[in-house]
Amino acid sequence: MLQYVANGIVVGAIIAVAAIGLTLVYSILRLTNFAHGDFVTLGAYTALFINLGLGWRPAAALPVAFVVGAALAILLELLVWRKMRQMRASMVALIVASIGVALALRNLLVFFYGPSPQNFQQPVQRATPFLGLPVTMTADQQFALVASVVLVLAVHALLRYTTLGKTMRALSDNTDLAWVSGIDVDRVVTWTWIIGGGLAAVGGVLYGMTRPLYPELGWHLLLPLFAAIILGGIGHPYGAIAGGFLIGIVQEVSVYFGVPVEYKIAVGFVAMIVALLLFPRGLFGEASYR
Amino acid sequence: MSSYLMYIINVVTTAAVYAVFVLGLNLQFGYTGIVNFGHVAFMAIGAYTTVLLSLAGWPLIAAIAAGVLLAALASLLIGLPALRLREDYLAITTIGFAEVIRIIINNEVELTRGPQGIFRFPLPFESWGLSPLGWRVAFMILCLLTLAAVYLLLQRLTNSPWGRVLKAIREDEDAAIALGKNTRVFKLWSLALGSAIAGLSGVLLAYLLAYINPREFLPLTTFTGWMIMVLGGAGSNVGVMVGSLLYFGLFSLTRPLESSGLVALGLTGQQVGALRVILIGIFLVVLMMYRPQGLFGRKEELSLDR
Amino acid sequence: MTGEALLDVRAVSRQFEGFWAVRGVSFTVPQHQIAGLIGPNGAGKTTLFNVVTRYLPPSGGEIYFAGTRLDTLPTYSAPGLGLVRTFQISRVFSRMTVLENMLFAAPGQVGEGLLGALLAPRRVARQEKELRERAMDLLRYFRLDHMAQNYAGALSGGQRKLLEMARALMLNPRMLLLDEPMAGVNPALKEQLLDYILDLRSKGITFLLIEHDIDMIMRICDRILVMAQGELIADGTPDQVRRDPRVIDAYLGASQ
Ligand SMILES: Nc1ncnc2c1ncn2[C@@H]1O[C@H](COP(=O)(O)OP(=O)(O)O)[C@@H](O)[C@H]1O
Ligand SMILES: [Mg+2]
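Residues numbered from 1 in each chain as written. Chains lettered and ligands numbered in written order. Predicted model: local features only at pLDDT ≥ 70, side-chain atom pairs only at ≥ 80, totals over all residues. Heavy atoms only, no water.

This brings us to the nonpolar core. Across soluble globular proteins, you tend to see nonpolar side chains buried next to one another. Formed by 264 residues in total, the largest nonpolar core has its most connected members in A:Phe34, A:Trp81, A:Met84, A:Phe226 and B:Phe37. The greatest single-element share of this core, amounting to 17 residues, is contributed by helix H1 (residues 2-29) of chain A. Not counting residues up to four positions away in its chain, the partners in contact with A:Met84 are A:Ala89, A:Ala93, A:Leu94, A:Ala97, B:Met288 and B:Met289. Of all hydrophobic cores here, the second largest spans 27 residues; its members include C:Val12, C:Ala43, C:Leu56 and C:Ile210. (Core = buried A, V, L, I, M, F, W, Y, C linked by side-chain atoms within 4.5 Å. Buried < 20%, exposed > 50% of the residue type's maximum accessible area, 1.4 Å probe, protein only. Helix = DSSP H or I, 4+ residues; strand = E, 2+ residues; numbered from the N terminus. Contact = heavy atoms within 4.5 Å.)

Shown next, in the form of structure tokens:
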């Protein structure tokens, strides 16, 4: 049981890292970004590219993945989202467009890497006890956990102590107010995409360190990601982090309670549906919900 | 010559089957404003129910009726709790629901044979002793008749006072409630009817392919349906049929090009398939950016924009 | 004041996350009255309307209409009892024609049922014809008949207000709640609207209307309710209210 909880915490930490960006983009740009999961996949495959091509360890690819994810996010902002905001596209039109982006991105990876699962090339790792607890983790799992926690803390510091972060929080709490009050919106939008796209890609690298890579990896993670941010109350980065851990643990622990492994993904979806129906405002915050 | 004919027949039949599928979606979104991104689930339920029941010895008609009915009931399962959600939440929930259905089909191997799929099951016209080409023609006619029937049914409904209520809900549900309409009931009926139609299209798809397999019911199918709907302009039943024909027409025109040209360039079949989906994705984005009202829709009339 | 109480609002409250937008409001409106509801911006007038028509559940209190308790019924049932509202920002169905907007509002349509729509085309057609005649009469009354086939989204702000009222009348209401029916309406049309309201009252309809234009309110209302900061602070004839020091205070206080 404890082992399952530990696995859940690792997955949950990674979900949390990726979910922060989804919730910021959602609340600041009013975009339900169905392509977010594919940024996760993109990050994982960036690491794979570097790992196979240059022989680097996946962990060393983290900064590269961040830059790739952020750059692509900004590119899409310039090409697509800015124009759609200007023409006041409806919520549904935005959703459909983001699905288009998701399909294109995912199949770009299929085009180059094929549909079947792949692994990083590195020595096989043995699971060892973690911090003297009665649970074991591979070195990569331990790294992913520690890196996730560090990233979450970094985002926390950014949101808490920098002017940019405070502006972002203000914007995500009350979009109407901030859009009219003379904040340098373009700058905030750019940074939202840098953090959103970058963290998603980094989350992908970490996720890839704990399991095989395949092109639908991020798509399958997307619904748990939505579950996390909905549980946390949309627009609340801290809620998203808590929601991430919760979803990760629920998914893994369900296996302990006899749910077949094949249904692990379904457990995430069901958790999300239940979360939406029971807590449309999230477990923690009072999200803006109209 | 006959292979060329087969080819045309195939395009028309496929376009008809998908037109039925998207007519259901259009009732839900185009007329009622219900954001259903899990439409493929009801197609899958219709297909699997019908195939499994007819394998169990049910007469075809009864099996089809059961498939359609179960698709409608399943939509109520998700609609009853979820229809009150805002558009984006509903989109997420319906996708999640469809994925759960697909995962169940994929894993309940004893019931559905799982990822292996089902290859032999009773088809219509089997006792007629038709040649392969003859069967194709007969089946194409069946699909076109089904499409015509569904179209006429929907035209009558959407032009009736019932359809007027759906449109009012799409425009402003609160205002509709303020005028005394129990909008929830109308939304549930719209959802159920649209899903029943999706179930019917699933039955036709199963016969068209002559096998079923969970991979036919990926979310991509729903998104293709959305693309066909917005191509023709959401809210127009004729637009849906034109959109479907256009989509599969283009699809088939590029087929020969793919199989010869691209493969000659050294691409694998998988890569060609991926390229196609990339194009679908880009097309969706461009459509939403430049013509959210669809190729034929009038801007002021029916578009995805309020 | 004449007649029995048609609308009876008892100690109704509504809070938003700890903030009382409406607190302990009680009043009755007798039949055939034109009652005005005034108060500074943010006083809670719209919220009170929303609670009375069950758009928002009350945090406390009870609402009766024609003897039936409303606050325990679903939202859509109030119009069926004869209580119909309009919205502060008019809500027409933009991508439906003006005539369709009108027809939609009629209650008890055979064709609104799936079976009726499918199986009784003759009956539906007959009813549609009747409804169309009634709708066109009302549109003529409000001088909107030349727009009948236009999309409602193409109407001007003032025309939308008129359409909303005309549409409400398709329900044969006993009472209309109008939220700022004159806001954004040009002066000529305003005079016309006043005439309509007086005329409709003489046909037996009761009114409760929110309005900012005090002159208008004083001219047509038999009785005025004043809200400030969520509470009802005055209730009386226009003359009584005009001289009430609390009312003067509330307006002065709000404008500072
Ligand atoms: N949905 C809501 N959530 C939170 N506060 C609200 C909501 N609706 C209204 N309020 C608040 O209640 C108060 C009364 O608003 P309202 O009833 O619209 O006033 P009025 O119509 O008299 O101008 C205002 O302070 C407003 O901000
Ligand atoms: Mg108001």
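Right, picking up where we left off after that structure.
Our next topic: the coordination of the magnesium ion (ligand 2). Residue and element names in this part refer to chain C. Each protein donor to the magnesium ion (ligand 2) is listed here as Thr46 (OG1) and Gln88 (OE1); together their distances run 2.0 to 2.3 Å. Of this pair, threonine 46 sits in helix H1 (residues 45-52) while glutamine 88 sits in the loop between strand E6 (83-85) and helix H3 (98-105), placing them 42 residues apart in sequence. Residue classification places glutamine 88 among the partly exposed positions, given a relative accessible area of 33%. (Donors = N, O, S within 2.8 Å, 3.2 Å for Na, K, Ca; no water.)

Now for the side chain of B:Arg164. Position of B:Arg164 among the secondary structure elements: in helix H7 (residues 161-178). Of the polar contacts made by the side chain of B:Arg164, one reaches the side chain of C:Glu128; its length is 2.8 Å. (Polar contact = N/O pair within 3.5 Å; in protein donor to acceptor, adjacent residues only side chain to side chain.)

Take the domain arrangement of chain C next. All names here are of chain C. Domain annotation of chain C identifies domain 1 (5-92 + 157-252) and domain 2 (94-154). Between the C-alpha centres of domain 1 and domain 2 the distance comes to 27 Å. Contact with domain 1, which involves 17 residues of that partner, is made by 20 residues of domain 2. At the boundary of domain 1 with domain 2, total buried surface from both sides reaches about 1,700 Å², with 64% on carbon and sulfur atoms. (Domains from an automatic or database assignment. Buried area = accessible area lost by both parts, 1.4 Å probe.)

This part is about the sheet that holds strand E2 (residues 19-30) of chain C. Residues and elements named next belong to chain C. The 4 strands lie next to each other as E2-E1-E4-E5, forming an open sheet whose pairing is antiparallel. Edge positions in the sheet fall to E2 and strand E5 (68-69), since each has one partner strand and no second. Pairing analysis gives 2 bridges linking strand E4 (residues 60-65) to E5, with the strands arranged antiparallel. Considered in E5, the bridge of phenylalanine 65 is made with threonine 68. Contacting strand E1 (5-16), E2 and E4, H1 runs over the sheet at an angle of about 115° to E1. (Pairing = 2+ DSSP bridges. Axes fitted to C-alpha atoms, helices over the stretch in contact; angles between N-to-C directions.)

Here the focus is the interface of chain A and chain B. With 47 residues of chain A at the contact, the number on the chain B side is 47 residues. For chain A, the biggest contributors to the area lost against chain B are A:Phe111, A:Tyr263 and A:Leu277; these three give 15% of the whole. In this structure, the connection of chain A to chain B is made through 4 residue pairs in polar contact (both at pLDDT 80 or more). Contributing elements (two or more residues each) for the side of chain A that touches chain B: helix H3 (62-86), helix H4 (91-113), helix H9 (217-231) and helix H11 (264-278) of chain A. Per-element accounting of the side of chain A that touches chain B gives the leading share, 15 residues, to H4(A). Residues of the side of chain A that touches chain B, tallied by class, amount to 37 nonpolar, 6 polar and 4 charged. (Nonpolar A, V, L, I, M, F, W, Y, C, P; charged D, E, K, R; others polar.)

At the junction of the two partners, chain C supplies 32 residues and chain B supplies 31 residues. For the pair chain C and chain B, the summed buried surface comes to about 2,900 Å²; carbon and sulfur atoms form 63% of the total. Where chain C touches chain B, the interface holds 6 salt bridges. A salt bridge links B:Asp174 to C:Arg91; its shortest N-O distance comes to 3.6 Å. Connecting chain C to chain B are 14 residue pairs in polar contact (both at pLDDT 80 or more). At the level of elements, E6, H3, helix H4 (114-119), helix H5 (121-141) and helix H6 (157-169) of chain C are the ones that each hand at least two residues to the side of chain C that touches chain B. The greatest single-element share of the side of chain C that touches chain B, amounting to 4 residues, is contributed by H3(C). The residue inventory of the side of chain C that touches chain B, partitioned by class, reads 20 nonpolar, 5 polar and 7 charged. (Salt bridge = Lys/Arg side-chain N within 4 Å of Asp/Glu carboxyl O.)

All names here are of chain C. In terms of strand pairing, E1 meets E2 through 8 bridges, oriented antiparallel. Opposite aspartate 8, over in E2, you have threonine 28 as the bridge partner. Taken together, E1 and the strand that follows it, E2, pair antiparallel across an intervening segment of 2 residues, in which glutamate 17 is found at a positive phi of about 40°.

It is worth spelling out the packing of aromatic side chains at this point. Under the criterion given, the structure shown has 25 aromatic pairs over all chains. Consider the rings of B:Tyr18 and B:Phe21, whose centres lie 6.1 Å apart with planes at 75°: the pair is edge-to-face. Here B:Tyr18 and its partner B:Phe21 are both found in helix H1 (residues 2-31), 3 residues apart, which amounts to about one turn of the helix. Overall, B:Phe21 belongs to the buried group, its relative accessible area being 0%. Between B:Tyr247 and B:Phe248 the ring centres are 4.9 Å apart and the planes differ by 90°, which places this aromatic pair in the edge-to-face class. For B:Tyr247, a relative accessible area of 10% corresponds to the buried category. Through successive ring pairs, a cluster of aromatic residues spans A:Phe34, A:Trp219, A:Phe226, B:Phe29, B:Phe37, B:Phe223 and B:Trp226. (Phe/Tyr/Trp six-rings, centres within 6.5 Å; stacked < 30°, edge-to-face > 60°.)

Here the structure, examined in full by the defined rule, presents 28 salt bridges over all chains. A salt bridge links B:Glu171 to B:Arg170; the shortest N-O distance between them is 3.0 Å. Residue B:Glu171 shares its accessibility class with B:Arg170, and that shared class is buried. Its salt-bridge partner being C:Lys203, residue C:Asp199 comes within 3.5 Å of it at the nearest N-O pair. A relative accessible area of 28% means that C:Asp199 is categorised as partly exposed. One network of salt bridges, with partners in common, ties together A:Glu77, A:Arg82, A:Arg85 and A:Asp186.

Detailed reading of predicted coordinates is not advised where the pLDDT is low. Residues and elements named next belong to chain C. Taken over all residues, the pLDDT of chain C has a mean of 90, while the share at 70 or more is 97%. Here helix H10 (residues 245-255) stands out as the element of chain C with the lowest mean pLDDT, 72, in contrast to H3, whose mean of 96 is the highest. On the interface metric, ipTM, the complex scores 0.90, and its pTM is 0.89. (pLDDT = per-residue confidence, 0-100.)

Moving on, we get to the site of ligand 1. All names here are of chain C. In the region of ligand 1, the neighbouring residues are Phe16, Phe19, Ala21, Asn41, Gly42, Ala43, Gly44, Lys45, Thr46 and Thr47. One of the backbone nitrogen or oxygen atoms of alanine 43 is found 3.2 Å away from an oxygen atom of ligand 1. Between ligand 1 and the protein, one listed contact pairs an oxygen atom with a backbone N or O atom of lysine 45 at 2.8 Å. Against a free-state accessible area of 560 Å², the protein chains account for coverage of 59% of ligand 1. Every element with two or more residues in the shell around ligand 1 is listed here: E2 and H1. The element that contributes the greatest number of residues to the shell around ligand 1 is H1, accounting for 3 residues. The residue inventory of the shell around ligand 1, partitioned by class, reads 4 nonpolar, 5 polar and 1 charged. (Near = heavy atom within 4 Å. Areas by Shrake-Rupley, 256 points an atom, 1.4 Å probe, with all protein chains shown as cover.)

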